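# Chain and residue survey
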Amino acid sequence: MERKYKSGCTDAMRATAWSLGVFCLLVILGVFWLRASGSWNYISVLVATIPVAVIAVFAHFYGLLENETLIFRAYALILSYFCLVFVFIIPPMSSPDEGHHFFSSYWISDVVTGDATLQDGGSFPVREDVVEMYNGSSMAIGSSGYRRVFDSFGLFADSDEVVQVNQFDFSFGSENVAAKIPSVVGILIARGLNLGAYPLFYLGRLLAALFFVCCVLLAVHITPTAKAAFMGISLLPMSLQLAGSYSYDCGIIALCFLLSAVLLRSIFSNEEIGLRQAVTLFALVFLVAPLKIVYLSVLLLLLFIPQRRFCSRKYAFIFKLVVVISAIASIASVRLASISSLVGSGAVDSLDYRGTETGKFYSLNDLLSDPLGTAALFVRTFDVMGDFYIESMVGALPGWLQANLRAPNLLIYAYLGCLLLCVQKTQFDNQSISLGVRVAMTAACFLTFLGVSLSMAVGWTFNTEGVIQGVQGRYFLPMAPMALLALRSRDIEVQKSPYDICVVTLTFLNVIYLLRFTSIAFSLP
């Protein structure tokens with residue numbers, strides 16, 4: 001039943017007024033950015049994005065999103081919509097390391113079809129038109145990238161000629177195969193249908209985005225608390241860009257969200273852990289462990305699964321032991337060689353390469369032999385780069401950290417404020433976080449930071465540099481829900497639905513982000 005307020009206005013009147021106001025604001029901004037873009041093609045962006053924000057605002061003020069079932073359906077639609085937008089709004093090879101990840105997925109598809117082997121990832125056949133697409137692409141986002149797609153797009157391949165690609169050196173242990181299965185499936189389908197180079201490329205992106213959406217929706221359904229935190233992190237521009245790309249970060253974030261959700265359910269749910277939940281946790285740990293070992297710090301939460309969740313103390317011990325064994329077995333089977341290679345100090349006369357630069361990277365021996373210097377290196381790195389980590393995690397630098405597309409700090413702070421608000425207690429989710437669980441979450445995030453920084457210190461930082469290079473905010477997205485939940489206050493409680501606030505506010509912010517981003521991108525060469 002429609003409500004009537006003291007002022008005499010109804011829900012419909014309020015919703016109409018607010019949505020009209022948002023429409024006018026976005027149209028004004030759109031006209032300004034249309035002039036700045038210098039391209040009439042920008043009108044298609046206005047038509048595709050502004051109605052989404054207007055409809056979301058109308059639904060909020062009309063009361064359509066007060067029902068939990070309806071808000072989750074709305075979230076699923078909005079997440080799918082933005083993932084689809086980012087699949088196509090970022091030109092090919094313009095996401096972080098996408099050229100490498102695309103050819104890695106193509107190599108795996110060759111292995112599946114029998115055209116290549118796992119033992120030889122340094123030379124494998126690729127269709128000639130696909131190689132031409134790669135060679136014609138650019139890491140930089142600009143109008144020429146969009147024109148190239150429109151001019152060269154062909155639904156079906158004109159030729160099945162192949163060439164040998166030998167500029168990469170892939171291996172099963174280094175390429176995070178489990179995280180790339182969706183994009184590999186997309187490439188295999190496209191090759192089976194003889195689709196052209198660009199349809200093949202975008203189908204791989206679409207399957208990766210679909211996998212991301214399904215995993216995140218499942219995580220939101222599973223977790224008994226902090227649902228809005230998972231929803232909010234998944235709607236950040238950087239999450240959406242990675243979801244619509246070939247980057248293995250897409251699969252890693254999706255699987256880590258699932259693992260975190262299952263662990264939270266194990267801690268805060270009241271029913272006994274059954275066989276299905278146990279097998280799910282074992283499988284997720286087995287999948288995540290070799291992808292990025294640093295994210296296994298979340299398993300600290302195992303210590304806080306209460307005894308009441310198990311039929312006996314003995315079963316609780318066996319359960320937690322099997323989880324740890326699953327992680328160790330998975331790492332040993334896939335990552336042992338790459339880990340052991342980090343331990344040595346390397347030959348004295350050998351040089352390390354970072355692009356065109358040469359030098360000697362830090363080794364574990366260097367770091368362990370000078371504990372105080374190592375501590376100072378990590379502290380100095382966070383002091384100098386901490387704001388960059390947070391801003392790039394949100395998506396301040398789209399594409400391949402492209403500085404001329406940088407989002408304004410005000411917009412980034414709005415995203416962060418929304419996330420902090422959404423994670424607080426409400427009447428829908430008043431779960432208090434005990435000190436032990438809070439400390440475990442904080443420790444897990446800290447260990448992830450140390451692990452990521454250590455890997456980049458020995459793999460990307462010369463021992464003459466005083467700040468660790470190569471660490472980006474996107475590496476912390478898999479642990480972001482845990483970091484947010486650790487910040488939940490005992491004393492603050494939000495009266496409004498966090499799901500409603502999260503979905504509507506982030507939809508509005510994302511539309512502004514896209515309008516500004518595409519305007520600048522269209523204006524660039």
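Residues numbered from 1 in each chain as written. Predicted model: local features only at pLDDT ≥ 70, side-chain atom pairs only at ≥ 80, totals over all residues. Heavy atoms only, no water.

## Remarks on the overall build of the protein
The condition is simple: Put simply, DSSP H or I for four residues or longer makes a helix, DSSP E for two residues or longer makes a strand, and each gets a number counted from the N terminus. Radius of gyration: over C-alpha atoms. The globule rule applied is 2.2 Å multiplied by the number of residues raised to the 0.38 power. For each residue, the accessible area found with a 1.4 Å probe, counting protein chains only, is set against the maximum for its type, and the residue is called buried under 20%, exposed over 50%, and partly exposed in between. Pairs of residues are marked as contacts when any of their non-hydrogen atoms sit within 4.5 Å. Residue exposure ignores everything except the shown protein chains as possible cover, and the areas themselves are Shrake-Rupley values with a 1.4 Å probe. Counting rule applied: Lys, Arg positive; Asp, Glu negative; His and chain ends not counted. Here the site of a charge means NZ on Lys, CZ on Arg, CG on Asp, or CD on Glu.
A count of helical and extended segments in the protein gives 21 helices and six strands. On C-alpha atoms alone, the protein measures out to a radius of gyration of 24 Å, which is about the 24 Å that the 2.2 N^0.38 rule sets for 525 residues. A total of 525 residues make up the protein; the buried ones form 54% of that total. A sequence separation of at least 24 residues applies to 82% of the contacts in the protein between residues at least 6 apart. Just so you have it, the protein exposes about 23,300 Å², and 65% of that area is on carbon and sulfur atoms. Of note, the protein has its 33 positive side-chain charges centred 13 Å away from the centre of its 34 negative side-chain charges.

## So, the packing of helix H8 (residues 197-222) against helix H11 (residues 248-268)
Where we set the bar: Throughout, an axis means a line fitted to C-alpha atoms (over the contacting stretch in the case of helices), and angles, computed between N-to-C directions, take values from 0 to 180 degrees. Any angle between 65 and 115 degrees counts as roughly perpendicular, while under 35 counts as roughly parallel, over 145 as roughly antiparallel, and the rest as oblique. For this scheme, ten residues count as nonpolar: Ala, Val, Leu, Ile, Met, Phe, Trp, Tyr, Cys and Pro. Four count as charged, namely Asp, Glu, Lys and Arg, and the remainder, Gly too, count as polar.
One way to put it is that H8 packs onto H11 with a least axis distance of 8 Å and a crossing angle of 10°. One element, H8, and the other, H11, form an angle in the roughly parallel class. Along the contact surface, H8 presents Ala 208, Phe 211, Phe 212, Cys 215, Val 216, Leu 218, Ala 219 and Ile 222, while H11 presents Cys 250, Gly 251, Ile 253, Ala 254, Leu 255, Phe 257, Leu 258, Ala 261, Val 262 and Arg 265. The residue inventory of the contact of H8 with H11, partitioned by class, reads 16 nonpolar, one polar and one charged.

## Quick word on the side chain of Ser 392
As a reminder, the rule being used: Side-chain atoms alone can form a polar contact between residues adjacent in sequence; in general such a contact is a pair of N or O atoms within 3.5 Å, and within protein one must be able to donate a hydrogen while the other accepts it.
Here Ser 392 is to be found in helix H16 (residues 371-394). Separated by 2.9 Å, the side chain of Ser 392 and the backbone nitrogen of Gly 473 make a polar contact. Leave out the neighbours within four places in its chain, and Ser 392 touches Met 238, Gln 472, Gly 473 and Arg 474.

## Concerning the packing of aromatic side chains
Filter applied, for reference: In this scheme Phe, Tyr and Trp rings, the latter by its six-membered ring, pair at centre separations within 6.5 Å, and the angle between planes marks the pair as stacked below 30 degrees, edge-to-face above 60, and tilted otherwise.
Scanning the entire structure with this criterion turns up 31 aromatic pairs. Centroid distance Phe 58 to Tyr 62: 5.5 Å. Interplanar angle 15°. Geometry classified as stacked. With Phe 58 and Tyr 62 both in helix H2 (residues 42-62) and four residues apart, this pair spans about one turn of that helix. An aromatic cluster is present here, built from Phe 88, Phe 102, Phe 103, Tyr 106, Trp 107, Phe 124, Tyr 134, Phe 168, Phe 170, Phe 201, Tyr 202 and Tyr 246 joined pairwise through their rings.

## Looking at a negative patch on the surface
The condition that has to hold: Patch rule: a residue counts if its relative accessible area is over 30% and it has no salt bridge; like charges are joined within 9 Å, and nonpolar side chains (Val, Leu, Ile, Met, Phe, Trp, Tyr) within 5 Å. Salt bridges are identified by distance alone: a Lys or Arg side-chain nitrogen within 4 Å of an Asp or Glu carboxyl oxygen.
On the surface, Glu 128, Glu 132, Asp 160 and Glu 161 cluster together into a negatively charged patch. Residue placement: Asp 160 occurs in the loop between helix H6 (143-152) and strand S2 (162-165). Residue classification places Asp 160 among the exposed positions, given a relative accessible area of 60%.

## Side note on the side chain of Thr 507
Within the secondary structure, Thr 507 sits in helix H21 (residues 498-523). Look at Thr 507 and you get buried, because its relative accessible area is 0%. Beyond its immediate stretch of four places on either side in the chain, Thr 507 contacts Val 52, Ala 53, Ala 56, Ile 78 and Phe 82.

## Description of H11
Rules: Given a helix with a known number of residues, its expected span is that number minus one, times 1.5 Å.
Its 21 residues place the ends of H11 30 Å apart at the C-alpha level, agreeing with the 30 Å of an ideal helix rising 1.5 Å per residue. Counted residue by residue, H11 has 20 buried out of 21 residues, so it is predominantly covered. Two or three places before Asp 249, at the start of H11, stands the capping residue Ser 247, its side-chain oxygen 3.1 Å from that residue's backbone nitrogen.

## As for the pattern of salt bridges
As a working rule, side chains carrying opposite charge can pair if their charged atoms are close by. One pass over the structure, following the stated rule, counts 12 salt bridges. Across the salt bridge formed by Arg 265 and Glu 271, the nearest N and O atoms sit 3.3 Å from each other. Taking relative accessible area as the criterion, Glu 271 reaches 37% and is therefore assigned partly exposed. Ionic pairing is found between Glu 465 and Arg 354, a salt bridge with its closest N-O pair at 2.9 Å. With Glu 465 in the loop between helix H19 (435-460) and helix H20 (480-486) and Arg 354 in strand S3 (residues 352-354), the pair connects residues that are 111 residues apart, well separated along the chain.

## Regarding the environment of Ser 174
With respect to the secondary-structure elements, Ser 174 resides in the loop between S2 and helix H7 (181-192). According to the relative accessible area criterion, Ser 174 is partly exposed, its value standing at 32%. On a C-alpha basis, the gap between Ser 174 and Leu 514 in space is 34 Å, while along the polypeptide they are 340 residues apart. Among the polar contacts made by the side chain of Ser 174, one reaches the side chain of Ser 171 at a distance of 2.9 Å.

## Looking at H7
Between its terminal C-alpha atoms H7 stretches 16 Å, which fits the 16 Å expected from 12 residues at 1.5 Å a residue. Taken residue by residue, H7 has Pro 182, Ser 183, Val 184, Gly 186, Ile 187 and Ala 190 as its buried positions. Close packing links the buried residues of H7 with helix H4 (98-113) and H8. A positive backbone phi angle near 60° is found at Asn 194, which sits one or two residues after H7.

## Here's the deal with the state of the cysteines
Keep this limit in mind: Here, two cysteine sulfur atoms that lie within 2.5 Å of each other are counted as a disulfide.
What the rule picks out here adds up to zero disulfides. No disulfide involves Cys 250; its nearest neighbouring cysteine sulfur is the one of Cys 83, lying 7.8 Å away. According to the relative accessible area criterion, Cys 250 is buried, its value standing at 3%. Distance from the sulfur of Cys 445, which forms no disulfide, to the nearest cysteine sulfur (Cys 256) is 11 Å.

## Digging into the packing of H2 against H21
Note the threshold: Rotating anticlockwise by less than a right angle from the far helix to the near helix defines a left-handed crossing, while the corresponding clockwise rotation defines a right-handed one.
The contact between H2 and H21 brings their axes to 9 Å, and the two run at 165°. Classified by the interaxial angle, the pair formed by H2 and H21 is roughly antiparallel. Note on packing geometry: the crossing formed by H2 with H21 is left-handed. Touching Tyr 42, Val 45, Leu 46, Thr 49, Ile 50, Val 52, Ala 53, Ala 56, Val 57 and His 60 of H2 are Asp 500, Val 504, Thr 507, Phe 508, Val 511, Leu 514, Leu 515, Arg 516, Thr 518, Ser 519 and Phe 522, all from H21. When the residues that make up the contact of H2 with H21 are grouped by side-chain class, the tally is 14 nonpolar, five polar and two charged.

## Here's the deal with the environment of Ser 234
Here Ser 234 is to be found in helix H9 (residues 227-234). Residues Ser 234 and Pro 478, 244 residues apart in the sequence, show an inter-C-alpha distance of 9.9 Å. Sequence-distant contacts of Ser 234, defined by excluding residues within four places in its chain, comprise Tyr 75, Leu 79, Phe 212, Val 216, Ser 239, Leu 240 and Phe 257. Only 2.6 Å separates the side chain of Ser 234 from the side chain of Tyr 75, close enough to count as a polar contact.

## Observations regarding the environment of Leu 34
Assignment of secondary structure puts Leu 34 in helix H1 (residues 11-37). Measuring from C-alpha to C-alpha, the distance between Leu 34 and Phe 428 comes to 42 Å, with 394 residues separating the pair along the chain. Aside from chain neighbours lying at most four places away, what touches Leu 34 is Ser 39, Trp 40, Tyr 42 and Ile 43.

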